[in-house]
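These are the residues of each chain, in order.
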Amino acid sequence: MRGSRVVALGHYQPAKVLTNDELAAMVETSDEWISSRVGIRTRHVAGPDEPVDELAAHAGAKALAAAGLTPADIDLVLVATSTAIDRSPNTAARVAARLGMGAPAVMDLNVVCAGFTHALATADHAVRAGSSTRALVIGADKMTAVTDWTDRTTCVLVGDGAGAAVVEAAQEELIGPVLWGSVPEMGHAVRIEGSPPVFAQEGQAVYRWATTQLPPIARRVCERAGVTPEELAAVVLHQANLRIIEPVARKIGAVNAVIARDVVESGNTSAASIPMALSKLVERGEIRTGDPVLLFGFGGNLSYAGQVIRCP
């Protein structure tokens, strides 16, 4: 079997920034309350005329430009999202149309906050199997569109954005084996339900699960990739909450790694959070080409998926 690699990354966030102080004027909260409990200070908010596929297309275009590729070079588009309003055309098809692609396969994956790492694994499998030559993998969500702005326990968390990666064949295994799974009986702990759909969660249950059950799974991801946690150059967890990110990263044992903390300025962007945070680390030069990076998504459905990749 062939290996695969991430060639390039890109990210996009809407221009509008919502601060904690501005939120405090909308709902009973404060900058101190939000910062001390979840670590978030700002988040980006898409307008009513900025649908999820537009966010995704912007990120995808940046990843293609970074890779020196054209839309015609892509034969598979995978978009991880749980906030697309329409069922058909799917988000991937709309992204392909926005970018002017020829005839790629187009698929959406809804695994909520673990969506991007599931999509990246799917692209890796497709390239290894020979059914795709080059894939565009995007995580994009417009969480503010499914938020109850009167609920201070959830509205302080969310933001909008998209992140993208280009995946192609490689002689080496530069995207490591995925380890994925879920806890179906606890799927109610994170929900986007109803008509219109609204985001809700059982925060304490999610916190306990993430901080106790996920670190050993993340260490097994490293084992599958043949690296130790100490060898990791960076850890990019789903940007859910700083109070989850920091203890999980510490328990993994990645003592020499840069820990992505994009949640502070971007909030919880669901499927967008991992590729967006990774793209920013690369853009800032905090990790170098070839560095081993742990990606680990978790959240809705109490799903998880992780792999170690080599930095493009």
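Rules of the game
- Here the residue numbering is sequential within each chain, running from 1 through the sequence in written order.
- Totals for whole chains, interfaces and linings use all residues, but because this is a predicted model, local features are given only for residues with pLDDT of at least 70 and pairs of side-chain atoms are given and counted only at 80 or more.
- Note: side-chain values were computed over all heavy atoms of the structure, leaving out hydrogens and water.
- Strands are runs of DSSP state E lasting at least two residues, helices are runs of H or I lasting at least four, and both sets are numbered from the N terminus onward.
- With C-alpha atoms as the basis for the radius of gyration, the globule rule is written as 2.2 Å multiplied by the number of residues raised to the power 0.38.
- Classification of residues uses two cut-offs on accessible area relative to the type maximum, computed with a 1.4 Å probe and protein chains only: under 20% is buried, over 50% is exposed, and between them is partly exposed.
- Method for areas: the Shrake-Rupley scheme with a 1.4 Å probe, in which residue coverage is limited to the protein chains shown.
- His is not counted, nor are the chain ends, whereas Lys and Arg count as positive and Asp and Glu as negative.
- Where a charge lies is defined by one atom per residue type, namely NZ (Lys), CZ (Arg), CG (Asp) and CD (Glu).
- Strand pairing is assigned whenever DSSP detects at least two bridges linking the two strands.
- A contact between two residues is defined here by any heavy atoms of the two lying within 4.5 Å.
- Helix axes are fitted to C-alpha atoms over the stretch in contact, other axes to C-alpha atoms as well, and angles between N-to-C directions run from 0 to 180 degrees.
- Arc definition: it is the arc formed by the directions from the helix axis to the C-beta atoms.
- Angles below 35 degrees are treated as roughly parallel, those above 145 as roughly antiparallel, those between 65 and 115 as roughly perpendicular, and all remaining angles as oblique.
- Each crossing is labelled by how the near helix is turned from the far one, with a counterclockwise turn of less than a right angle marking it left-handed and a clockwise turn marking it right-handed.
- Lys, Arg, Asp and Glu make up the charged group, whereas Ala, Val, Leu, Ile, Met, Phe, Trp, Tyr, Cys and Pro make up the nonpolar group; the residues left over, Gly among them, are polar.
- The definition of a polar contact used here is a pair of N or O atoms within 3.5 Å, where within protein one atom must be able to donate a hydrogen and the other to accept one, and adjacent residues in sequence count solely through side-chain atom pairs.

Draft legend 1. Fine view of the overall build of the protein. Helix and strand counts for the protein stand at 10 helices and 14 strands. Compactness check: the protein gives a C-alpha radius of gyration of 18 Å against a globular reference of 20 Å for 312 residues, within 12% of the reference. If one aligns the C-alpha atoms of the protein with their principal axes, the spans along those axes are about 55 × 45 × 40 Å. Per-residue burial over the protein gives 59% buried out of 312 residues. Surface summary for the protein: the accessible area is close to 12,400 Å², and the carbon and sulfur share equals 49%. Mean positive and mean negative side-chain charge positions of the protein (27 and 33 charges, respectively) differ by 4 Å.

Draft legend 2. Local environment of the sheet that holds strand β12 (residues 258-259). As summarised here, the arrangement of the five strands in space is β8-β14-β13-β11-β12, forming an open sheet in which the pairing is mixed. One side of each edge strand has no neighbouring strand; the edge strands of this open sheet are β8 (179-182) and β12. Alignment of strand β11 (residues 234-237) against strand β13 (residues 292-299), held across four bridges, turns out to be parallel. Residue pairing in the sheet places Val235 in a bridge with Leu294 of β13. Contacting β8, β13 and β14 (303-310), helix α5 (residues 115-129) runs over the sheet at an angle of about 55° to β14.

Draft legend 3. Quick peek at the environment of Phe296. Along the chain, Phe296 falls in strand β13. Between the C-alpha atom of Phe296 and that of Ile192, which follows or precedes it by 104 residues, the distance is 21 Å. Apart from residues no more than four positions distant in its own chain, Phe296 is found in contact with Thr117, Leu214, Ile217, Ala218, Val221, Val236, Leu237, His238, Ile274, Tyr304, Ala305 and Gly306.

Draft legend 4. Molecular detail of unusual backbone geometry. A cis amide bond links Ser88 to the next residue, Pro89, at an omega of 0°. With respect to the helices and strands, the residue Pro89 is situated in the loop between β4 (76-80) and α4 (91-99). Between Ser195 and the following residue, Pro196, the backbone shows a cis peptide bond with an omega angle of 5°. For Pro196, the location among the structural elements is in the loop between β9 (190-193) and β10 (198-201). Phi is positive for Val112, close to 50°, though the residue is something other than glycine. Along the chain, the position of Val112 falls in the loop between β5 (105-109) and α5. Backbone geometry at Asn301 places phi at a positive 70°, although glycine is not the residue there.

Draft legend 5. Inspection of α4 at higher detail. Turning to α4, its buried residues are Thr91, Ala92, Val95, Ala96 and Leu99. Looking straight down α4, one finds that the buried residues subtend no more than 140° of arc, so they occupy a single side. Summarising the contacts, the buried residues of α4 are in contact with α3 (52-67), β4, β5 and β6 (134-142). Positive backbone phi, approximately 75°, marks Gly100, located one or two places after α4.

Draft legend 6. Quick look at the packing of α3 against α4. Look at α3 against α4: their axes get within 9 Å of each other, and the N-to-C directions meet at 55°. Comparing the axis directions of α3 and α4 gives the class oblique. Along this stretch, α3 crosses α4, giving a crossing that reads as right-handed. Seen from α3, the contacting residues are Val52, Asp53, Glu54, Ala56, Ala57, Ala61 and Leu64; seen from α4, they are Thr91, Arg94, Val95, Arg98 and Leu99. Among the residues forming the contact of α3 with α4, the class breakdown is seven nonpolar, one polar and four charged.

Draft legend 7. A look at the sheet that holds β5. Strand order in the open sheet made by the five strands is β1-β7-β6-β4-β5, with mixed pairing throughout. Sheet topology places β1 (3-12) and β5 at the edges, where each strand pairs with a single neighbour. Neighbouring strand axes in the sheet, compared pairwise and without regard to direction, differ in orientation by 20° on average. Strand direction decides the pairing type here: β6 and strand β7 (residues 160-170), joined by nine bridges, are antiparallel. Note that in β7 the partner of Ala140 across the bridge is Ala162.

Draft legend 8. Spatial organisation of the environment of Asn110. Mapped onto the elements of the fold, Asn110 is located in the loop between β5 and α5. As a C-alpha pair, Asn110 and Val248 span 138 residues in sequence and 24 Å in three-dimensional space. Apart from the residues within four sequence positions on either side, Asn110 is in contact with Thr81 and Ser82. Of the polar contacts made by the side chain of Asn110, one reaches the backbone nitrogen of Val112; its length is 3.4 Å.

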